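The primary structure of each chain is shown beneath.
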Amino acid sequence: MQKINVKPGAKIEDYKAYGSLYSSVLDFLEQSKNSVEAIKGRTVWMINSTAIGGGVAEMLPSQMRILRELGVSIEWLVIEAKENAFFDLTKRIHNAIHGSGNGVFTDEDRQVYEAVNQQNLSKALELINDDDIVVVHDPQPMPLAAMIKKEKDVSIIWRCHIGLEEDTEVTDAVWKFLSPYSDDYDHFVFSLPAYVPKSLRKKASIIPPAIDPLSHKNRALQIHKCIGILYQSGIMKDHKAILYHRYKHLVRRVLPNGDFGNVNEQKDLDFLYRPVVTEISRWDRLKGFKELMQAFIKMKLDNQKNGDPNSLEYKRIEMTLLVMAGPDPAFVSDDPEGDEVLKELTEAYQKVDSALQNDIAILLLPLDNPKENALIVNAIQRSSSIIVQNSIQEGFGLTATEAMWKRKPILVSGAAGLKYQVKHNKSGIINEDPKDIDSLSKTLAFMLNNPKERDKWSFNGQIRVIQNFTLFSQLILWLEVLAKNK
Ligand code: UDP
């Protein structure tokens, strides 16, 4: 178990200075007063399984900074596991909550699950005091509640960031496997009402995830900054900084052919003057990268076959690049499938016709350096013409919210979380079935060739985020839950 330091960042006053956020900050200050008072003197302990990568690690630092500024004592602990079997199991649990996999969990699985949590217990007990409030995130540390409660008189909340709209045999099986651990929780928090299993409905609250508009990932970046970040990071210049760590032979960079001596070279500016379609996610089969690549290729081939080479529409599609970016698996400890999924994608990429390979880039981002990672994600998103989240399942896609905040047109699948975030044809486009390659390729072409519509979707998308999915609306709900369960 490791205690994580949260670096200083934006202050409440900084958010107030942003006109569009002003009223949510004021609402927050007004509505949070009583709750903050109610939990004074207690420490809130956040426990999850990683300090880098994924939605939870993305949200916690900003939430903690703001709560601390209000005088709330709040700390972050990350569980550790040496056994590969543990994260193999918790990934199976994660997939099963999304309805994937075979739903088989054995006694041996249970032993591994409990043993690793037991190993993390002593450090937790050293730090946590009676009367504190513990928030356990997602399934990995879930068994800790009962273990902590045996020794300490605390309130414990389980925050589940994943879910599926409907019950299936697989989801029933995984909730059954987890049910012995849920008994000791005082309260549950899910992202959407449809994700709450029947047995937990009486004690559950809903808090949609949210972004921090002033974090390195979301703060405004002028175009010269974007160029600088992409150039320095190696995306525009060379591969040294971030690419090829382990898949040198497979992973391409954005620009083909070589050494770019200086940024004025036309080739370097490809990333800015060519339309870019981007998906940034963990290397997870449920993120739909492979299907997106197939659809992108189909769009290009259909265009070459049926398009009019003299038309603007033809040229736009011909010039478009696809960027698929995700963390270097070397730095992701809690997701054992990442390596395998990246390999599958790069192998599929190798089979693509070489002319088309030049239009596709698979990028590995430096998750080991959170600030650099955040700025690169920010710059790539801001340099994109369309941002895609083609998830097969998605509890709630922070990447979609990040794109909408940056006023980027977004193309998402009909996965439950994404459908809640994006209103079809208002704040983006929903392509219902992420595995329907034909429909996805046509939707992409349609979006690329409708710049006026793109402006409309992205404008509405940004407003939707400001009204519903920023840090402050989320913290109001969190403080209510914490105060209720003190
Ligand atoms: N992310 C990142 N670097 C990567 C891949 C993803 O910083 O290489 C971030 C992404 O910007 C988002 C978070 O990780 O903030 C992923 O959250 P999301 O809810 O989209 O998916 P999750 O990983 O939680 O399933």
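Residues numbered from 1 in each chain as written. Predicted model: local features only at pLDDT ≥ 70, side-chain atom pairs only at ≥ 80, totals over all residues. Heavy atoms only, no water.

The protein is annotated in an unreviewed UniProt entry as Glycosyltransferase from Flagellimonas ochracea. According to UniProt, the comment filed for the protein under the heading Sequence similarities (unreviewed entry) is "Belongs to the glycosyltransferase group 1 family. Glycosyltransferase 4 subfamily." (UniProt positions renumbered as here; feature names shortened; annotations may be inferred.)

A. Region of interest: the overall build of the protein. The helix and strand tally for the protein stands at 19 helices and 13 strands. For a compact globule of 486 residues, the expected C-alpha radius of gyration is about 23 Å, and the protein comes in at 23 Å, within 12% of that figure. Taken over the C-alpha atoms alone, the protein extends approximately 70 × 50 × 40 Å along its principal axes. A burial count over the protein gives 59% of its 486 residues as buried. (Helix = DSSP H or I, 4+ residues; strand = E, 2+ residues; numbered from the N terminus. Rg over C-alpha atoms; globule rule 2.2 N^0.38 Å. Buried < 20%, exposed > 50% of the residue type's maximum accessible area, 1.4 Å probe, protein only.)

B. Examining the sheet that holds strand β8 (residues 276-280) more closely. One open sheet accounts for six strands, arranged β10-β9-β8-β11-β12-β13; its pairing is parallel. The two strands at the open ends of the sheet, each matched to only one other strand, are β10 (360-365) and β13 (429-431). Taken pair by pair, the neighbouring strands of this sheet meet at an average axis angle of 25 degrees, ignoring direction. In terms of strand pairing, strand β11 (residues 386-389) meets strand β12 (residues 410-413) through three bridges, oriented parallel. Counterpart to Q389 in the pairing with β12 is V412. Of the strands in this sheet, β9 (321-327) and β10 are in contact with helix α12 (residues 338-350), which crosses β10 at around 155 degrees. (Pairing = 2+ DSSP bridges. Axes fitted to C-alpha atoms, helices over the stretch in contact; angles between N-to-C directions. Contact = heavy atoms within 4.5 Å.)

C. Quick look at the UniProt feature "domain: Glycosyl transferase family" (unreviewed entry) in the protein. Mapped onto the present numbering, the UniProt feature "domain: Glycosyl transferase family" (unreviewed entry) falls on residues 275-462. Between the end C-alpha atoms of residues 275-462 there is a gap of 20 Å, over a span that is 50% helix and 15% strand.

D. View of the UniProt feature "domain: Trehalose synthase N-terminal" (unreviewed entry) in the protein. The sites that UniProt annotates as "domain: Trehalose synthase N-terminal" (unreviewed entry) are residues 46-197. Here residues 46-197 is 48% helix and 16% strand, with 22 Å between the C-alpha atoms at its ends.

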